[in-house]
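# Summary of structural features
Listed below, chain by chain, are the residues.
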Amino acid sequence: MRWAALGALAVLLVLPNFLGSYLLTVFIFIFFYAYLGQAWNLLGGYGGQISLGHAAFVGIGGYTSTYLAMTYKLSPWIGMFVGGAAAACLGAVIGYLGFRFGLRGFYFILLTVAFAEICRLVVSHVEALGGALGLFITFSGDPWQFQFSDNRYYYYIALGLMLAAMGIVALVERSRMGAYLAAIREDEDASEALGVNAFGTKLAAIVLSAFLTGVGGTFYANYLFSLQPNTAFGIPLSVEIILRPIVGGSGTLMGPILGSFILSPLAEVSRAYFAKGGLSGVHLIVYGSLLIAVVLFFPRGAYPYLRGLVRGRRGGA
Amino acid sequence: MDPILLGQAALNGFLFGGVYSLMAVGLSLIFGVMRVINIAHGDMMVWGSYLAFILAFRLGLDPFVSFVLCAAALFCLGVVVQRGLVNRVLNAPHEMQILLMLGVALVLENLALVVFGPDTRRTESAYGLATVWFGPIFVDVARLITFALALALSCALYLFLFRSDLGKLIRAAADNGYGALVIGADVERIYTVAFGIGAACVGAAGALMSALLPFSPAAGFAQTVTSFNIVIIGGMGSLLGAFLGGLIVAVAESLGAVLLVPSLKELVGFVLLVLILLFRPQGLFGGKTP
Amino acid sequence: MLEVRGLSKRFGGLQAVCDLSLSMAEGEVLGLIGPNGAGKTTAFNLISGFLVPDSGEIKFRGRSVVGLRPHQICHLGLTRTFQLVRPFPHLSVLENVKVGALARTASVREAAGKARHVLEEVGLLAKVEVHAGELTLAERKRLELARALATEPVLLLLDEVMAGLTATETERIVELIRAINRRGVAILLIEHVMRAVMSLSGRIIVLNYGERIAEGPPAVIANDARVIEAYLGEEYVGATQG
Ligand SMILES: Nc1ncnc2c1ncn2[C@@H]1O[C@H](COP(=O)(O)OP(=O)(O)O)[C@@H](O)[C@H]1O
Ligand SMILES: [Mg+2]
């Protein structure tokens, strides 16, 4: 297992030398969405607190660092963490309000959607942030400004983000917090009876999840060279964030990564294939049907299913 | 601020609210009975609007007539979605149900995009521009008819749920989840009919609204979110709450559009939602806490 | 160690617990009995912080616990079990107990060791890897007990841990509870299986309609006319036959 992981890592490290520019972007998206999915997974997968408003944290993180870079020339490398902290603050507010008042399941989902939409609408009306048009980053090619003329740098940064998130979530998974999150997901009252501070644990989870997601916002802004409220805070991005971990297997370390390796290329291929024929929309029909199929055939996600296959074979041998 | 202008906005919102009420009632019914979050609700509504548009365009049917056909079509769609998909995930984890409904929403939205194109449409109605003046305030006839029809449909649904045997079973299922299962009712049939009726409500709402506001395939998700806002504001599990909640949200948005910037009107609904979630999570008219 | 005074709780028009007072000494086993709906579980919910009392005082080891959250009360050394057992169904037996053990240590490794220890004590060691959802009822009751034990309580509130068990399973749980008590853990026991309560408890309190109607040693309670009338008559016969 360890050797397989190291081998995979080695392949990913040398891969850019063999990829054309198109495939390189596909991999960048795979890594980046795996990263965002992993951040969501911490709260939604491990803790069972489903957020459908995680785009809010991407938006806050991206807008913060981009605004600081444009107005105060602050390097996005630093702004990244400021943005993460800003997103963490928003996460703390949502978590405090939601968890303090005991909103569970469906109500929490709506609270997250509401906050993301409020952010979107407010930012659309703030002139200093470019209003509905958003912010545009001019290309300078300065690495200190998070800009590179070679896409391979973005590849390595995205890969690094994905691995860092994986490492952090792995640490959480093995810590007391991981055990507590699983207990809360299973039965919150029973966990409280066993000494679990459910409120504090969930709050910590949403703050960490929001921080990581917010850090991702800086990559999002600088890779795309722009930020629009409707895309950076929008529901579609929130949906993209939750799809991968759920398809891959929520509450598992490999889920978001596997899910992203499955979904990101599929989304890309079907977009490229159908958009060529001028049929915009068809690729999303395919995508939607695929989600339906996943739910019907792998109701616990792809990773638990694969793991079951491997275990079964070993057990049988 | 001019009181006449405000009064006019409130009246417009109120009359428009019938559509909101109808769509929220449908959602409340589906959630109440199956505990499934119908994320495709708004997209079903958009399909109701397009059907009305096609019927007006091809057959010259007025949406205030054709909404019956739209409701029937959406009833069938609801039955298919429930029988074929939702039924199989009733015991699956929460996030899997959400994923499934997201898939359905994506398919419906983009099917509309492929079939009808991305442009915004509006269904022609004979009453589209008619107004009646009462002193300084005018009444938009199309809105008035919409409101009356939405009210009539809600009353019909109310009678069905409280007077008919099947309706009583549906209410029993909504009240205590699996309770109806225990008393041996045909749960499959209850679920199917409930989903069908929920979809029919939102289909009728879509048809009626298509005469009032322009719509496009992309509008679906926002309508889903609005529906959920209304249901929570009115009170989960209370059909009356969903109905009144629809009127309240519509009036609040309409006033918000006048008092703030028009493009901020949605904000009013969300702020209202957050306040409700925080201070009265059982909703304005709901008895049960979540 | 536990001092309850004038505890009351209403649900709408229903007075579930009414002016209840009781006290417990270190290491004591106190039985709490009464017909269904008497308010026993509600009393547990109040003491363990899952419900806030309308009035009354609860002192645990000299400190008021009214208004504390359940997890805080657990950390003070008071742990309860649930009448309808609530295992974490998709977690393994070991992981279930580990959650309890983590109340006393932040080290997951230490908690796992402790959990194994407790599982050995309750006789579930063979099942550590099994998902809790796949256990039999008797095993789930043991698991519920093991999880609570792992939090190292000084006072354990057990809510009908024997309900639904066969005679031999009941016998084993009684032995287990006795062993736990011998280590100095005080136990407040809600139980319908009369033979078990009578043999385990040093003292018994009887509730009816939320009110305490009798208190005393088992022998006295078993002969109290009001108790027999309110409760024991039919149940006692049923229990001895079962
Ligand atoms: N959360 C609650 N809401 C309303 N009524 C309750 C609640 N919990 C218990 N009750 C009622 O309080 C009474 C006492 O219940 P309970 O404490 O569970 O009794 P026991 O455990 O002695 O059988 C019962 O009539 C029960 O229906
Ligand atoms: Mg009880």
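Above this note sits the structure.
Below, the structure is looked at part by part. All figures in this text were calculated on a predicted structure; none of them were measured in a lab. (Residues numbered from 1 in each chain as written. Chains lettered and ligands numbered in written order. Predicted model: local features only at pLDDT ≥ 70, side-chain atom pairs only at ≥ 80, totals over all residues. Heavy atoms only, no water.)

What follows concerns the overall build of chain B. Tallying secondary structure elements over chain B gives 11 helices and two strands in all. When its helices and strands are written in sequence order, chain B yields α-α-α-α-β-β-α-α-α-α-α-α-α. Taking 19 Å as the expected radius of gyration for a compact globule of 290 residues, we find that chain B reaches 18 Å, a close match to that expectation. With respect to the principal axes defined by its C-alpha atoms, chain B has extents near 60 × 45 × 35 Å. For chain B, contacts bridging at least 24 residues in sequence account for 79% of all contacts bridging at least 6. Counting only carbon and sulfur atoms, one obtains 69% of the accessible surface of chain B, whose full area is about 11500 Å². Here chain B carries 14 positive and 14 negative side-chain charges, and the mean point of each set is 8 Å from the other. (Helix = DSSP H or I, 4+ residues; strand = E, 2+ residues; numbered from the N terminus. Rg over C-alpha atoms; globule rule 2.2 N^0.38 Å. Contact = heavy atoms within 4.5 Å. Areas by Shrake-Rupley, 256 points an atom, 1.4 Å probe, with all protein chains shown as cover. Lys, Arg positive; Asp, Glu negative; His and termini not counted. Charge placed at Lys NZ, Arg CZ, Asp CG, Glu CD.)

Counting secondary structure elements, chain A contains 14 helices and two strands. Taking 20 Å as the expected radius of gyration for a compact globule of 317 residues, we find that chain A reaches 20 Å, a close match to that expectation. Counting only C-alpha atoms and orienting by the principal axes, one finds that chain A spans roughly 55 × 45 × 40 Å. Across the 317 residues that make up chain A, the buried fraction comes to 58%. (Buried < 20%, exposed > 50% of the residue type's maximum accessible area, 1.4 Å probe, protein only.)

For the rest of this paragraph, the subject is the packing of aromatic side chains. Residues and elements named next belong to chain A. According to the stated counting rule, one finds 35 aromatic pairs over all chains in the structure shown. Ring pairing ties together the aromatic residues F29, F32, Y33, Y35, W77, F146, F148, Y153, Y154, F219 and Y223, which thus form one cluster. Between R244 and the ring centre of Y33, over which it is positioned, the NZ or CZ distance is 4.3 Å. (Phe/Tyr/Trp six-rings, centres within 6.5 Å; stacked < 30°, edge-to-face > 60°. Lys NZ or Arg CZ within 6 Å of the ring centre and 35° of its normal.)

Moving on, we come to the interface of chain A and chain C. On the side of chain C, 24 residues touch chain A, which itself brings 20 residues to the contact. Considering only the surface of chain A that becomes buried against chain C, R176(A), E186(A) and L194(A) emerge as the three largest contributors, covering 34% of it. Applying the counting criterion to the chain A and chain C interface returns three salt bridges. Scanning the region where chain A abuts chain C turns up nine residue pairs in polar contact (both at pLDDT 80 or more). For the side of chain A that touches chain C, the elements supplying multiple residues, two or more each, are α7 (176-186) and α8 (188-193) of chain A. At seven residues, the largest contribution of residues to the side of chain A that touches chain C is made by α7(A). Grouping the amino acids of the side of chain A that touches chain C by side-chain chemistry returns eight nonpolar, four polar and eight charged. (Buried area = accessible area lost by both parts, 1.4 Å probe. Salt bridge = Lys/Arg side-chain N within 4 Å of Asp/Glu carboxyl O. Polar contact = N/O pair within 3.5 Å; in protein donor to acceptor, adjacent residues only side chain to side chain. Nonpolar A, V, L, I, M, F, W, Y, C, P; charged D, E, K, R; others polar.)

Our next topic: the coordination of the magnesium ion (ligand 2). Residue and element names in this part refer to chain C. For the magnesium ion (ligand 2), the full set of protein donor atoms is T41 (OG1) and Q83 (OE1), at a range of 2.0 to 2.1 Å. Of this pair, T41 sits in helix α1 (residues 40-47) while Q83 sits in the loop between β6 (78-80) and α3 (93-101), placing them 42 residues apart in sequence. For T41, a relative accessible area of 26% puts it in the partly exposed group. (Donors = N, O, S within 2.8 Å, 3.2 Å for Na, K, Ca; no water.)

All right, on to the environment of A39(A) then. With respect to the helices and strands, the residue A39(A) is situated in helix α2 (residues 21-46). Sequence separation of A39(A) and A132(A) is 93 residues, and the distance between their C-alpha atoms is 27 Å.

Residues and elements named next belong to chain C. With respect to burial, strand β3 (residues 29-33) is a largely interior element, five of its five residues being buried. Here β3 shows a buried face lined by V29, G31 and I33 and a second buried face lined by L30 and L32. As defined by bridge partners, β3 adjoins strand β8 (residues 186-190) across four bridges and the pair is classed as parallel. Considered in β8, the bridge of G31 is made with L189. The pairing of β3 with strand β9 (residues 203-208) spans four bridges and is parallel. (Pairing = 2+ DSSP bridges.)

Let's shift gears to the environment of L161(B). Residues and elements named next belong to chain B. Within the secondary structure, L161 is located in helix α5 (residues 141-163). Taking the relative accessible area as the measure of exposure, L161 reaches 0% and is therefore buried. If we skip the residues at most four places from it in the chain, L161 touches L29, G167, K168, I170, R171 and L239.

The next thing to look at is the pattern of salt bridges. Scanning the model with the defined rule gives 21 salt bridges over all chains in all. A salt bridge links R120(A) to E266(B), with the nearest nitrogen and oxygen atoms 3.7 Å apart. Taken together, the residues R120(A) in helix α5 (residues 106-124) and E266(B) in helix α11 (residues 265-279) connect one chain to another. Exposure remark for R120(A): the relative accessible area of 13% places this residue in the buried category.

Before going further, it helps to spend a moment on the sheet that holds β3(C). All names here are of chain C. Read from one edge of the open sheet, six strands run β6-β7-β8-β3-β9-β10, paired in mixed fashion. Strands at the two margins of the open sheet, each flanked by one partner only, are β6 and β10 (211-216). Between one strand and the next, the sheet's axes are offset by a mean angle of 15 degrees, whatever the strand orientation. Along the sheet, helix α6 (residues 167-182) contacts β3, β7 (155-159) and β8; its crossing angle with β8, the most-contacted strand, is approximately 150 degrees. (Axes fitted to C-alpha atoms, helices over the stretch in contact; angles between N-to-C directions.)

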